[in-house]
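Survey of secondary and tertiary structure
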Amino acid sequence: MAKPTTDKTTDKKTDKSKNAVAVSEPEHPLTTMAVVAPLVGWLIPGGGHILLKRYGRGILLLVSVVAMFLIGLGMQGRIYKPNGGDILDILGFVGDVGSGALYFLARLMDWGNVMAANAEADYGKTFLIVAGLLNFIAAADAHHIALGKKQ
Amino acid sequence: MTINLSHFSAAVVFALFASVVFGITQRNSTIDQLRYGLYCFALFVGGVFLAGWVMALIRR
């Protein structure tokens, strides 16, 4: 009785074609929403989640980031301007700009243009920077939700 | 408008808002988000107490 033979060359070819498909098609393809949602989320804190119909999460993020930003301003925190000087000043600007529209509004209205040298103003500055950094995390989360990596 | 917060109250407010964002962004289901948020809040506030006691002991 003849033994069943397998065509190894054919198997190798199918393996290669499978790999080729796996490489060419990412598990979570980039969609328009995956680009728009984080951008909206950056400009309007929680906006990316609201755009993706995660209303509860979006509102909580909006309240948290806006409250931190306003408390920071209320504590006489300083808003960093674009600068090319000290590395800590550059990082402070990067943190502040994370608040998106809030940062531009503050610059437009000349809020946070103070040089108070007390502990409270220092806490305020930290609140402003952290509000921006938390908003960056929220925007990245909106990107992951839009991609389908997260629920 | 000026807001006057003590070091401790500022730390608690900071912990509250940061925990909300961490909870929402780092977990999937609502119950997991709530648990993780509470866990982060407890760690933040616990860290404040711990650091406070360490500084008080160093000062003695």
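Report on the accompanying structure. (Residues numbered from 1 in each chain as written. Chains lettered and ligands numbered in written order. Predicted model: local features only at pLDDT ≥ 70, side-chain atom pairs only at ≥ 80, totals over all residues. Heavy atoms only, no water.)

All names here are of chain B. Summarising the element assignment, Tyr 36 is placed in helix H2 (residues 30–59). Taking the relative accessible area as the measure of exposure, Tyr 36 reaches 22% and is therefore partly exposed. For the pair Tyr 36 and Asn 4, spaced 32 residues apart in sequence, the C-alpha to C-alpha distance is 30 Å. Apart from residues lying up to four places away in sequence, Tyr 36 is in contact with Phe 22, Gly 23, Gln 26 and Arg 27. (Helix = DSSP H or I, 4+ residues; strand = E, 2+ residues; numbered from the N terminus. Buried < 20%, exposed > 50% of the residue type's maximum accessible area, 1.4 Å probe, protein only. Contact = heavy atoms within 4.5 Å.)

All right, on to H2(B) then. Residue pairs three or four apart in sequence face the same way in an α-helix, which turns once every 3.6 residues. In this model, H2(B) (30 residues) spans 43 Å end to end at C-alpha, consistent with the 44 Å of a helix rising 1.5 Å per residue. Residues of H2(B) that are buried: B:Gln33, B:Gly37, B:Cys40 and B:Val45. Looking at the buried side of H2(B), the elements it contacts are helix H4 (55–74) of chain A together with helix H1 (7–26) of chain B. (Expected span 1.5 Å × (residues − 1).)

Moving on: the environment of A:His49. Residues and elements named next belong to chain A. Tracing the sequence through the fold places His 49 in helix H3 (residues 47–51). Sequence separation between His 49 and Ile 145 is 96 residues, and the spatial gap between their C-alpha atoms is 8.3 Å. Every residue in contact with His 49, bar those within four places of it in the chain, is listed here: Arg 54, Arg 57, Gly 58, Leu 61, Ala 138, Asp 141, Ala 142 and Ile 145. One polar contact links His 49 to Asp 141, side chain to side chain, over a distance of 2.7 Å. (Polar contact = N/O pair within 3.5 Å; in protein donor to acceptor, adjacent residues only side chain to side chain.)

According to the stated counting rule, one finds 8 aromatic pairs over all chains in the structure shown. Centroid distance B:Tyr36 to B:Tyr39: 6.1 Å. Interplanar angle 35°. Geometry classified as tilted. Placement of the pair is B:Tyr36 and B:Tyr39 together in helix H2, with a separation of 3 residues, close to one helical turn. Here the aromatic cluster, defined as three or more aromatic residues joined through ring pairs, consists of A:Trp42, A:Phe93, A:Tyr103 and A:Phe104. The ring of B:Tyr36 has B:Arg27 lying over it, and the distance from NZ or CZ to the ring centre is 4.1 Å. (Phe/Tyr/Trp six-rings, centres within 6.5 Å; stacked < 30°, edge-to-face > 60°. Lys NZ or Arg CZ within 6 Å of the ring centre and 35° of its normal.)

What follows covers the interface of chain A and chain B. Tallying the contact residues gives 22 residues for chain A and 20 residues for chain B. Put simply, chain A and chain B have 0 salt bridges between them. Counting across the interface, chain A meets chain B through 8 residue pairs in polar contact (both at pLDDT 80 or more). Going through the elements one at a time, H4 and helix H7 (119–147) of chain A are the ones with two or more residues in the side of chain A that touches chain B. Here the side of chain A that touches chain B is built from residues that sort into 13 nonpolar, 5 polar and 4 charged. (Salt bridge = Lys/Arg side-chain N within 4 Å of Asp/Glu carboxyl O. Nonpolar A, V, L, I, M, F, W, Y, C, P; charged D, E, K, R; others polar.)

Our next topic: unusual backbone geometry. Residue and element names in this part refer to chain A. If you check the backbone angles, Lys 53 has positive phi at about 65° while not being a glycine. Turning to its location among the elements, Lys 53 is positioned in the loop between H3 and H4. With a relative accessible area of 61%, Lys 53 lands in the exposed category. Even without being glycine, Gln 76 reaches a positive phi, approximately 65°.

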